[in-house]
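Each chain is listed here by its residues.
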Amino acid sequence: MTECEKLADRAQGFGLGLRTVYYPDILESPQPVDWFEIISENFMVPGGRPLAMLDRIRADYPLRMHGVSLSLASTDPLDFDYLRALKKLIARVEPELVSDHLAWTGAHGLNLHDLLPTPLTQEALDHCVERAARVQDFLGRRIALENPSTYVSFADDEMGEADFLAELARRADCLLLLDVNNVHVSAFNHGFDAKNYLDRIPKERVAQIHVAGHSDLKTHKIDTHDHPVSDAVWELFSYVREKFGPIPAMIERDDRFPPFSELLDELGFMRRLAEAGERVAA
Amino acid sequence: MKLAELQSLFQASVLDAEPSPHLLARLRPPGRAESVAETFAVYHDGFRLRMTEFLANDYPVLRAALGELAFGAMAEAFWRARPSTFRNARWFGASLPAFLRTAPHYCADSFICGVAALEAALAKSFDAEDAEEIPISALAATREEDWPQLRLGFHPSVVVVETSQAALAAYEAAQTGEASLQSGGAVRLLVWRRDLDVNYRVLEGGEDMALVAAFDGAPFGEICSLLAFANPQKPAEELAMAAGNYLARWFADGMIVAAATAPG
Ligand SMILES: [Fe+2]
């Protein structure tokens, strides 16, 4: 592999969510992580340590930006103060990808700081298409939208979530961030078939993959990011890799943080699983 | 039902003590759970846990001082009075001290109000805007007759906060892991960031007065006059010397980012 190919490979590669608990490990020595994903809002602050750390880590690793408060599906007006701050951070970070969720976070000017589920109706689809297109026009780049974990669905739903996302991506000309754990969690909670869902996702639109751990409450599962990735989710990840080919993929961990070395082991497992899939495909 | 109506109903069902039966009737039966109320609780209860967690992140000493139950109750009183309108959860808890100062249940508790004020000031300083500090040598060229017009610009991370001796002792005990039983009256703290680290120190009367005036843009001459009014028994030279020492210390601590003698 030439130096150039290696760089291109690294830009694809396997990443981790950047979390402050791991700063000492990341700054101490080079880590076998191809890129990090930041939560955009954590760095939408005036200055100080957060931005200083961001610049230091950015000097050594490619970054991707993942937002949690675009509130794409909300019927409130788009928040251009937020989008301006996001655009400023994009200019600083020069990320490979900017993403957020198919969700809303509040209405009537409030923010519940959660990824709330949208009904899967034609009305909601038209609304999201129009807003995603305007966000992309404002940012001057394409964004990726992630399938959320959901715990309720609506009697008025007119289509499945995979079809909703496929149409949204096609009509708004945006990308998708496929969270395999969220597919698993939502499939369990709503009783749909996860592989059938994945079969309906347009592969050329998928710009990134998330996997994460969840909590199993037996009657339903919650997307808590506080456990290692489950076997069922790894199986779905392998299915995605075999079907979609190489797509940048990462592990999200947000609570009950293990030592960094354990997370690296999990990332190594992901790498080997993906490579094994490629050998099978070849 | 239109999308906007449905979102209103959903949001109210998260915020209210119980979800609206009208909303639950519009949700599909879950795959395995007993009832849709059980899965809706992920949003309803999750919201409360998250609000409490945001506040606990910004106010760990207050959280420890109140204990889990009382802190949870305070968090709910706070988000009910001041629901988040912020995209960034970072700003949600910033007005907690202002809320506590006027909330009937908390306003008389100088310890609780003091801990909250102290932790809010530290958080504000932590990620305030960056600015380049200037050395005291920047004043070397200032002519003696221009000194009364000298005005200073402070680093954006500089915060003056009123707290209590007991609150400060509790905060310091939490840093060292020791218990604190100290009591005591009001105390004013100077908080500022240098080299990414947040520092603080207690402000005494003269420096407090000089700093607040300088912070408000008063020129050096006015600061000296203020000190003279407050200390009529002290000779003017002594007070000018004290003012000069304060100023030197602010420079030495890296708190000054601009100095100019232009009238204005
Ligand atoms: Fe995700």
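Note that this is a predicted model, so its numbers are computed, not measured. (Residues numbered from 1 in each chain as written. Chains lettered and ligands numbered in written order. Predicted model: local features only at pLDDT ≥ 70, side-chain atom pairs only at ≥ 80, totals over all residues. Heavy atoms only, no water.)

A.B. asks: Let's hear about the coordination of the iron ion: which residues, and what values?
C.D. replies: All names here are of chain A. Protein-derived coordination of the iron ion comes from Glu 146 (OE), Asp 179 (OD), His 210 (ND1) and Glu 252 (OE), at a distance range of 2.0 to 2.3 Å. Considering all four donor atoms around the iron ion, the spread of angles at the metal, 84 to 168°, places the coordination shape in the irregular class. Spacing between the donor residues of the iron ion along the chain follows E-x32-D-x30-H-x41-E. You can see His 210 sitting in strand E7 (residues 206-212) and its partner Glu 252 sitting in strand E10 (residues 249-252), a full 42 residues away along the chain. A relative accessible area of 0% means that His 210 is categorised as buried. (Donors = N, O, S within 2.8 Å, 3.2 Å for Na, K, Ca; no water. Tetrahedral: all angles 85-135°; square planar, octahedral: opposite > 155°, others 65-115°. Helix = DSSP H or I, 4+ residues; strand = E, 2+ residues; numbered from the N terminus. Buried < 20%, exposed > 50% of the residue type's maximum accessible area, 1.4 Å probe, protein only.)

A.B. asks: Describe in detail the sheet that holds strand E3 (residues 186-194) of chain B, supporting the description with residues and values.
C.D. replies: All names here are of chain B. A sheet is described by the order of its strands in space; here three strands give the open sequence E2-E3-E4, paired in antiparallel fashion. Each having just a single partner strand, strand E2 (159-164) and strand E4 (197-202) make up the two edges of the open sheet. The sheet shows a mean angle of 30° between the axes of neighbouring strands, direction not considered. Along the sheet, helix H9 (residues 205-215) contacts E2, E3 and E4; its crossing angle with E3, the most-contacted strand, is approximately 55°. (Pairing = 2+ DSSP bridges. Axes fitted to C-alpha atoms, helices over the stretch in contact; angles between N-to-C directions. Contact = heavy atoms within 4.5 Å.)

A.B. asks: Talk me through the interface of chain B and chain A; I want residue IDs and the actual numbers.
C.D. replies: Contacts between the two partners involve 46 residues from chain B and, on the opposite side, 54 residues from chain A. A salt bridge links B:Asp197 to A:Arg49, with the shortest nitrogen-to-oxygen separation between them at 2.5 Å. Those elements that provide at least two residues to the side of chain B that touches chain A are helix H1 (3-15) and helix H3 (36-58) of chain B. Per-element tally for the side of chain B that touches chain A: the top contributor is H3(B), with ten residues. For the side of chain B that touches chain A, the class distribution of residues is 24 nonpolar, eight polar and 14 charged. (Salt bridge = Lys/Arg side-chain N within 4 Å of Asp/Glu carboxyl O. Nonpolar A, V, L, I, M, F, W, Y, C, P; charged D, E, K, R; others polar.)

A.B. asks: I'd like to hear about the domain arrangement of chain B, residue by residue, with values.
C.D. replies: All names here are of chain B. Segmentation of chain B into domains returns domain 1 (1-94) and domain 2 (109-264). The distance between the C-alpha centroids of domain 1 and domain 2 comes to 39 Å. Facing the nine residues of domain 1 at the interface are 13 residues of domain 2. Carbon and sulfur atoms make up 69% of the area that domain 1 and domain 2 hide from each other, which totals about 820 Å². Considering only the surface of domain 1 that becomes buried against domain 2, Val 61, Leu 62 and Arg 90 emerge as the three largest contributors, covering 57% of it. At the boundary of domain 1 and domain 2, one finds one salt bridge. Taking the shortest distance from any N to any O, the salt bridge between Asp 127 and Arg 90 comes out at 2.6 Å. Taken together, the connections running from domain 1 to domain 2 amount to four residue pairs in polar contact (both at pLDDT 80 or more). (Domains from an automatic or database assignment. Buried area = accessible area lost by both parts, 1.4 Å probe. Polar contact = N/O pair within 3.5 Å; in protein donor to acceptor, adjacent residues only side chain to side chain.)

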